[in-house]
Structure formats: structure tokens, C-alpha cells
Amino acid sequence: MPGPDNALEDWINGNSSSVKLLTHDFRNPISAIITNLSYIKTVMEDADEDTREAIEDSIQAVNSLLAMIGNFTQIGRLEAGEHQGVGSVKLDEFVNRSVERCRKLFSASSPPIEIDDGIVPQICEWETPYAELALDNLIVTASRYSPTDGVVKVSARVEGNNALFVVRDQGAPIAREHHEDIFTKSHQTRSKSDSGSRYGRALGLYAVGLAANFLRGSAAVGDTEGGQALELMLPLRPGSLED
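Throughout, a residue's number is its position along its own chain's written sequence, starting from 1. Given that this is a predicted model, residues contribute local features only at a pLDDT of at least 70 and side-chain atom pairs are listed and counted only at 80 or more, while totals for whole chains, interfaces and linings are drawn from all residues. Note: side-chain values were computed over all heavy atoms of the structure, leaving out hydrogens and water.

Think of a nonpolar core as a cluster: buried Ala, Val, Leu, Ile, Met, Phe, Trp, Tyr and Cys residues, connected wherever their side-chain atoms sit within 4.5 Å. Residue burial is assigned from relative accessible area. The probe radius is 1.4 Å, only protein chains are included, and a residue is buried under 20% of its type maximum, exposed over 50%, and partly exposed in between. Among the nonpolar cores identified, the biggest contains 45 residues, and W126 and F165 are the most heavily contacted of them. Within the residue set of this core, elements represented by two or more residues are α2 (49–79), α3 (91–103), β3 (123–126), α4 (128–145), β4 (152–159), β5 (162–169), α6 (204–214) and β7 (228–235). A run of H or I in DSSP counts as a helix once it spans at least four residues, and a run of E counts as a strand once it spans at least two, with each numbered from the N terminus. Broken down by element, the residue count for this core peaks at 9 residues, all from α4. Non-local contacts of W126, meaning those with residues more than four positions away in its chain, are made with G85, V86, G87, V89, L91, F94, A131, A163, F165, L234, P235 and L236. One finds I34, L37, I55 and I69 within the second-largest nonpolar core, a separate group that totals 8 residues. Residue contacts follow a heavy-atom distance rule, with two residues in contact if any of their heavy atoms lie within 4.5 Å.

Moving on: the packing of aromatic side chains. Stacked, tilted and edge-to-face pairs are distinguished by plane angle, under 30 degrees for stacked and over 60 for edge-to-face with tilted covering the rest, among Phe, Tyr and Trp rings (Trp via its six-membered ring) whose centres lie within 6.5 Å. Applying the stated rule across the entire model yields 4 aromatic pairs. Centre to centre, the rings of F94 and F165 are 5.9 Å apart; their planes meet at 50°, and the pair counts as tilted. Residue F94 is found in helix α3, and its partner F165 is found in strand β5; the two are separated by 71 residues along the sequence. This pair shows no difference in class: F94 is buried, exactly as F165 is. Consider the rings of W126 and F165, whose centres lie 6.0 Å apart with planes at 55°: the pair is tilted. One end of the pair, W126, is in strand β3; the other, F165, is in strand β5, with 39 residues separating them in the sequence.

Here we come to the sheet that holds β4. Across the sheet, which stays open at both edges, the 5 strands sit in the order β2-β4-β5-β7-β6 with mixed pairing between neighbours. Where the open sheet ends on each side, the last strands, each with one partner, are β2 (113–115) and β6 (218–221). On average, each strand axis in the sheet is inclined to that of its neighbour by 20°, with strand direction left out of account. Contacts from α6 reach β6 and β7, with the element oriented near 140° to β6. Being paired, for any two strands, means DSSP has found at least two bridges between them. In this analysis, axes come from line fits to C-alpha atoms, helices being fitted only over the stretch in contact, and the angle between any two N-to-C directions falls in the range 0 to 180 degrees.

Now for the layout of surface pockets. Each cavity reported here is a set of points on a 1 Å grid over the protein atoms alone in which a 1.4 Å probe fits but cannot get out, each pocket an open set with protein on both sides within 12 Å along at least five of seven lines, and each lining residue one with an atom within 4 Å of a point. Grid points are joined across faces, edges and corners, and a volume is the space filled by probe spheres set on the points. Taken as a whole, the largest pocket spans an internal volume of roughly 570 Å³. Lining the largest pocket are 21 residues, and of these L66, A67, R101, L105 and D136 sit closest to its centre. Ranked by residues supplied to the lining of the largest pocket, first place goes to α2 with 8 residues. Classes in brief: Ala, Val, Leu, Ile, Met, Phe, Trp, Tyr, Cys and Pro nonpolar; Asp, Glu, Lys and Arg charged; the others, Gly included, polar. Residues belonging to the lining of the largest pocket are distributed by class as follows: 8 nonpolar, 6 polar and 7 charged.

Further remarks concern the packing of α2 against α6. Packing of α2 against α6 brings their axes to within 10 Å, and their N-to-C directions diverge by 40°. Between α2 and α6 lies a crossing whose hand is left-handed. Mapping the contact onto sequence places N71, I75, L78 and E79 in α2 and G204, Y206, A207, L210, A211 and F214 in α6. Class assignment for the residues of the contact of α2 with α6 results in 7 nonpolar, 2 polar and 1 charged. Crossings are assigned a handedness: left-handed for a near helix turned anticlockwise from the far helix by less than a right angle, right-handed for a clockwise turn.

Considering all chains together, one arrives at 1 cavity of 30 Å³ or more under this definition. Computed from the structure, the largest cavity encloses a volume of approximately 40 Å³. If you trace the largest cavity, you find it lined by N137, V140, T141, R144, Y199, G200, R201 and G204. Here the element with the most residues in the lining of the largest cavity is α4; it accounts for 4 residues. Here the lining of the largest cavity is built from residues that sort into 2 nonpolar, 4 polar and 2 charged.

Glancing now at the packing of α2 against α4. At a closest axis distance of 11 Å, the pairing of α2 and α4 adopts a crossing angle of 135°. By the criterion of interaxial angle, the relationship of α2 to α4 is oblique. Note on packing geometry: the crossing formed by α2 with α4 is left-handed. In this structure, α2 contributes S64, N71, Q74, R77 and L78 to the contact, and α4 contributes P129, Y130, L133, N137 and R144. Across the contact of α2 with α4, the residue classes break down as 4 nonpolar, 4 polar and 2 charged. Orientation is classified from the angle alone, with under 35 degrees giving roughly parallel, over 145 giving roughly antiparallel, 65 to 115 giving roughly perpendicular, and any other angle giving oblique.

Rendered as C-alpha cells:
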């Protein structure tokens, strides 16, 4: 009979495998839908404004579904302890690509996502899909909680052997009592009903914390002056995290 540690490991592996299978099965038909919608958009340039808007909204909704499925896939891999190989990426390019992905998930009436000037082209060595998962979900969550007349600002800088990302929005700040567990699964499963909390769609904030810990970094709630800041710190290369 397996001991408690083995039983827990078996449960995590089995659960993660199921998640990965399910998300794989969902991804193909949803990808087909967005391909067809994109085609319809190109052949209906003369359609009325309401029709074009409906097509745009549908494309945006399907992109959001694909992003959520991507979350579940990566969460399954992280929970199973799967490594994806370390690759090199420039810090400024990494931030630019993340912001561009996130902009596609929101309409023109959503708060703009801006990048602060001065991000250096520092070479970082990460398991890039997990680093992308963390930063993308910080930006998406900030965008969902920022007022339509607000702005989401993304910055990144090098601090010693680490890269520090700060995503700032002008939404209601997270209550102090939630700061310590906002990135945990247990908190995210109840956060929609918690006053002063934030819910990351598709367990997005849990994905941030999970990826940060896997990469030997950290995620934290930053200052609340004029809104809310969320912070992500990652070592520039494996084994370089400063205490």
C-alpha cells in the first residue's frame, strides 16, 4: 500500500495528466473556430458596423478561451513538476511580446496597456513558457480590474541577479488581509466572493504564483498608491536568485 507521500504524488500526477488531455482536446476545435472567424472577417469588409463588431467580439472571446486553456495546460505541467527547457530571451523583447499578447484579449474600449520606458535588453535565461504565463496573467488581471478610463503600466528592471516586473493599474487595491495568499489556489477558488480580493480568470493569479515559485522567483502585492501594483521577481538565470 502506498504511503501518504506517494499517494499525494500519484494524485497530483493523475490530476495534471487529466487537465493536459482535456485542454489538448479543447484547443483544436477552438483554434478551428478562430481561423474561420478570421476568414469571415476578411471577406466581410463591406458588412455593416454591427456585423463587423459581432465578428470582432467573437474573435476576442475565442482568443480569451485559448488563453484560458493555455493557463490550464501550463498549470497541469507545473503541478506535475515538468520542465520545458531553459532558453535565452532579452528582457525588453520579452515584455513587448507579453503586452502584445494581452492587448489582443481586450477591446478598444478597455484601458490601454502601456510599457514604461527604459527596459534594458538584458539577457535572461528562463523556462520561457512559464515566465510568459506569470507576466501575461499579471497584465490580464490588472486590465480586468482597471477602470475603462484608467491605464495599465508595465515596467521591468534588473535588480542584482533578478528581473523585477511591476504591473500597475488604477483599480481598487487588494485588501491587506489577502496579500499573503492572493496567488494560492485555495484563495483563488473563493476569491470571487471575497471582498477586497481579485479573481484571476482561469486561476490566473494562482498560475502566476505557481510559475514564480517553480522558477525560484516570487510574486507579491505591491504598493496601493492610486491603484494597485503587482510584482513578479525572477532570477536572471537558473540558480542566480539573490536571498
